[in-house]
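Here is what each chain is made of, one letter per residue.
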Amino acid sequence: MNLSDTVADGASSALVRYASIHEDPLIRRAIGVLEERLFKRGAALTSPAAVREYLRLKLAGEPLEVFAVVFLDTRHRVLAFEPMFHGTIDGTSVYPRAVLKRVIEHNCAAVIFAHNHPSGLTEPSHADKAITSRLKSVLELVDVRVLDHFIFGEGNPFSFAEAGLL
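Residues numbered from 1 in each chain as written. Predicted model: local features only at pLDDT ≥ 70, side-chain atom pairs only at ≥ 80, totals over all residues. Heavy atoms only, no water.

1. A word on the overall build of the chain
Here is the rule we go by: Helix and strand labels come from DSSP, where a helix needs a run of H or I of at least four residues and a strand needs a run of E of at least two; each type is numbered from the N terminus. For every residue, the accessible area obtained with a 1.4 Å probe (protein chains only) is divided by the maximum for its type, and the residue is called buried under 20%, exposed over 50%, and partly exposed between those limits. Two residues qualify as a contact provided that any one of their heavy atoms is within 4.5 Å of a heavy atom in the partner residue. The protein chains shown are the only cover counted for residues, whose accessible areas, like all others here, come from Shrake-Rupley with a 1.4 Å probe.
Along the backbone of the chain there are five helices and five strands. Element order for the chain, N to C, with α for helix and β for strand: α-α-α-β-β-α-β-α-β-β. Among the 166 residues that make up the chain, the fraction classed as buried is 48%. Within the chain, residue pairs in contact and separated by at least 24 positions form 67% of the contacts whose partners lie at least 6 positions apart. Carbon together with sulfur atoms contributes 54% to the accessible area of the chain, which is approximately 8800 Å² in total.

As structure tokens, then:
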């Protein structure tokens, strides 16, 4: 699997309400340019705002909950972006074992988690806090840092790091 396969996943974005990515070449190209700038091998994540906007495009318009992971090397260069779990309108099951497996396969040093709330509310649920804590504990065992966990919906995304929950 190469980087272009994991990044250019064809997942629908927040712009679904206006035009399908698969049908609108302009939107598809815009997301492609963002991916090239942010998620090419060797690009370090130096702009949290740009990463947040990219993830918002990828997740905010999803009709069902999607949990994704950005895998990073020791210098916070992106190794891959993967939507790992797909759920229902109000939840998804996240399996720490599966996340750990991909962390090891990517040989990464840090991760950023992101998921959407189709309801539009960006406040974390008890389950969101619990799985973030569990994933952080599991990944600490293999010296992998959790840099942030974003929740996307309507309005401003919620950041676990900014809220002091990591």
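2. Notes on the packing of helix α4 (residues 96-106) against helix α5 (residues 126-140)
Helix-helix packing is characterised by the crossing angle of the two axes and by the distance between the axes. Going by this rule: Helix axes are fitted only over the stretch in contact, all axes being lines through C-alpha atoms; the angle between N-to-C directions runs from 0 to 180 degrees. Geometric relationships in this document are graded by angle, where less than 35 degrees denotes roughly parallel, more than 145 denotes roughly antiparallel, 65 to 115 denotes roughly perpendicular, and other angles denote oblique. Note on convention: the crossing is left-handed when the near helix lies turned anticlockwise from the far helix by less than a right angle, right-handed when the turn is clockwise. Under the scheme applied, nonpolar residues are Ala, Val, Leu, Ile, Met, Phe, Trp, Tyr, Cys and Pro; charged residues are Asp, Glu, Lys and Arg; polar residues are all the others, including Gly.
Packing of α4 against α5 leaves a shortest axis separation of 10 Å and a crossing angle of 45°. In terms of orientation, α4 and α5 fall into the oblique class. Viewed along their axes, α4 and α5 form a crossing whose handedness is right-handed. In contact with Pro96, Val99, Leu100 and Val103 of α4, α5 contributes Ile131, Arg134, Leu135, Val138 and Leu139. Broken down by class, the residue content of the contact of α4 with α5 amounts to eight nonpolar, no polar and one charged.

3. Considering the environment of Val66
Turning to its location among the elements, Val66 is positioned in strand β1 (residues 66-72). The spatial distance from the C-alpha of Val66 to the C-alpha of Met84 is 7.5 Å, given a sequence separation of 18 residues. Each residue touching Val66, except ones within four places of it in the same chain, is listed here: Leu59, Pro83, Phe85, His86, Ala114, His115 and Asn116.

4. Describing the packing of aromatic side chains
Here is the rule: When two rings of Phe, Tyr or Trp (its six-membered ring) have centres within 6.5 Å they constitute a pair, described as stacked for plane angles under 30 degrees, edge-to-face for angles over 60, and tilted for the intermediate range.
Going through the model one piece at a time under the given rule, you end up with six aromatic pairs. Between Phe158 and Phe160 the ring centres are 5.4 Å apart and the planes differ by 85°, which places this aromatic pair in the edge-to-face class. A relative accessible area of 1% means that Phe160 is categorised as buried.

5. Describing the pattern of salt bridges
Going by this rule: We define a salt bridge as a side-chain nitrogen of Lys or Arg found within 4 Å of a carboxyl oxygen belonging to Asp or Glu.
Under the counting rule described, the total for this entry stands at six salt bridges. The residue Arg52 makes a salt bridge to Glu162 at a minimum N-O spacing of 2.5 Å. Separated by 110 residues along the polypeptide, Arg52 in helix α3 (residues 48-59) and Glu162 in the segment after β5 (158-159) bring together distant segments of the chain.

6. Observations regarding α5
Basically, it comes down to this: Take the residue count of a helix, subtract one, and multiply by 1.5 Å to get its expected span. Directions pointing from the helix axis toward each C-beta atom define the arc.
The end-to-end C-alpha distance of α5 is 21 Å, a good match for the 21 Å that 15 residues give at a rise of 1.5 Å each. The set of residues buried in α5 consists of Asp128, Ile131, Thr132, Leu135 and Leu139. Taken end-on, α5 shows its buried residues confined to a sector of 105°, consistent with a single buried face. For α5, the exposed residues lying more than 90 degrees away from the buried face are His126 and Arg134. On its buried face, α5 is in contact with β1, α4, β3 (110-116) and β4 (145-152).

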